[in-house]
Amino acid sequence: MSRRVLDAFAPAPAFPRFPGHPANVVRALDYIEAHLTEPITTADLAAAAGLSQRGLQQAFGRNDLPTPLEALREARLRRARTLLADARPGEVSVATVARQLGFVHLGRFAGYYAERFGERPSDTLRG
């Protein structure tokens with residue numbers, strides 16, 4: 001069975017995007033998606049949303065979303081999974097993908113990845 005078919009049955013993202021989110025929350029989520037490979041702080045997300053940092057935290061909480069930085073990590077993990085699943089072993093390494101997406105500590109990246117997807121990043125890469 002292909003990796004894409006298996007991914008169709010993966011748990012839903014931590015923050016499904018739907019029209020019910022207020023515009024400021026959508027702006028923060030869009031900023032995350034557009035800047036995954038860049039360093040992003042809560043202040044960056046708050047500015048993109050037009051809120052204070054505390055206001056951003058509260059807006060995410062009111063909309064049953066994880067914290068903004070947890071949402072960032074989730075988006076980066078999903079992108080890592082896509083990059084690893086689409087690559088051929090030898091063309092790219094897990095470390096390269098992790099660093100490209102801002103994960104500095106490779107052990108933590110692997111732990112977050114395994115917790116989220118139920119397999120090691122190297123298993124995804126091997127397909």
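Further up the page is the structure itself.
Residues numbered from 1 in each chain as written. Predicted model: local features only at pLDDT ≥ 70, side-chain atom pairs only at ≥ 80, totals over all residues. Heavy atoms only, no water.

Novice: Account for the nonpolar core, naming residues and giving values.
Specialist: Counting residues in each nonpolar core, the largest one holds 29 residues, and the members touching the most others are Ile-32, Leu-56, Phe-60 and Phe-109. At the level of secondary structure, the elements contributing two or more residues to this core comprise α2 (23-34), α3 (42-49), α4 (53-62), α5 (68-86), α6 (94-100) and α7 (106-117). It is α5 that contributes the most residues to this core, six residues altogether. Residue contacts for Phe-60: discarding those within four places in its chain leaves Val-25, Ala-28, Leu-29, Leu-65, Pro-66, Thr-67, Pro-68 and Ala-71. (Core = buried A, V, L, I, M, F, W, Y, C linked by side-chain atoms within 4.5 Å. Buried < 20%, exposed > 50% of the residue type's maximum accessible area, 1.4 Å probe, protein only. Helix = DSSP H or I, 4+ residues; strand = E, 2+ residues; numbered from the N terminus. Contact = heavy atoms within 4.5 Å.)

Novice: Talk me through the environment of Leu-72; I want residue IDs and the actual numbers.
Specialist: With respect to the helices and strands, Leu-72 occurs in helix α5. For Leu-72, a relative accessible area of 5% translates into the label buried. Taking the C-alpha atoms as reference points, Leu-72 and Ile-40, separated by 32 residues in sequence, lie 8.3 Å from one another. The contacts of Leu-72, once residues within four sequence positions are left out, are Ile-32, Leu-36 and Ile-40.

Novice: Would you mind going over the packing of α2 against α5 in detail, with residue names and values included?
Specialist: Running from amino to carboxyl end, α2 crosses α5 at an angle of 40°, the nearest separation of the two axes being 10 Å. As far as their axial angle goes, α5 and α2 are oblique. The two elements α2 and α5 meet at a crossing, and its hand is right-handed. Of the residues in α5, those in contact with Leu-29, Ile-32 and Glu-33 of α2 are Pro-68, Ala-71, Leu-72, Ala-75, Arg-78 and Arg-79. (Axes fitted to C-alpha atoms, helices over the stretch in contact; angles between N-to-C directions. Parallel < 35°, antiparallel > 145°, perpendicular 65-115°, else oblique. Left-handed = near helix turned anticlockwise from the far one by under 90°.)

Novice: Tell me about the environment of Leu-45, residues and numbers included.
Specialist: Within the secondary structure layout, Leu-45 lies in helix α3. For the pair formed by Leu-45 and Asn-24, sequence separation is 21 residues and the distance between their alpha carbons is 9.9 Å.

Novice: With reference to specific residues and values, describe the side chain of Glu-119.
Specialist: Note on placement: Glu-119 falls in the loop between α7 and α8 (121-126). Taking the relative accessible area as the measure of exposure, Glu-119 reaches 17% and is therefore buried. Among the polar contacts listed, one links the side chain of Glu-119 to the side chain of Arg-81, at a separation of 3.0 Å. (Polar contact = N/O pair within 3.5 Å; in protein donor to acceptor, adjacent residues only side chain to side chain.)

Novice: Let's hear about the packing of aromatic side chains: which residues, and what values?
Specialist: Considering all chains together, one arrives at three aromatic pairs under this definition. Consider the rings of Phe-103 and Phe-109, whose centres lie 4.8 Å apart with planes at 50°: the pair is tilted. Each member of the pair, Phe-103 as well as Phe-109, carries the same accessibility label: buried. Pairing Tyr-113 with Phe-117 gives two aromatic rings, centres 4.8 Å apart and planes at 55°, and the pair type is tilted. (Phe/Tyr/Trp six-rings, centres within 6.5 Å; stacked < 30°, edge-to-face > 60°.)

Novice: Go over the pattern of salt bridges, please, and point to the residues and values.
Specialist: According to the stated counting rule, one finds seven salt bridges in the structure shown. For Glu-33, the salt bridge goes to Arg-78, with nearest N and O atoms at 2.9 Å. Of this pair, Glu-33 sits in helix α2 while Arg-78 is found in helix α5, placing the two residues 45 residues apart along the sequence. Between Asp-123 and Arg-120 there is a salt bridge, and its shortest N-O distance comes to 3.0 Å. Overlapping salt bridges, with partners in common, bring together Glu-33, Glu-74, Arg-78 and Arg-116 in one network. (Salt bridge = Lys/Arg side-chain N within 4 Å of Asp/Glu carboxyl O.)

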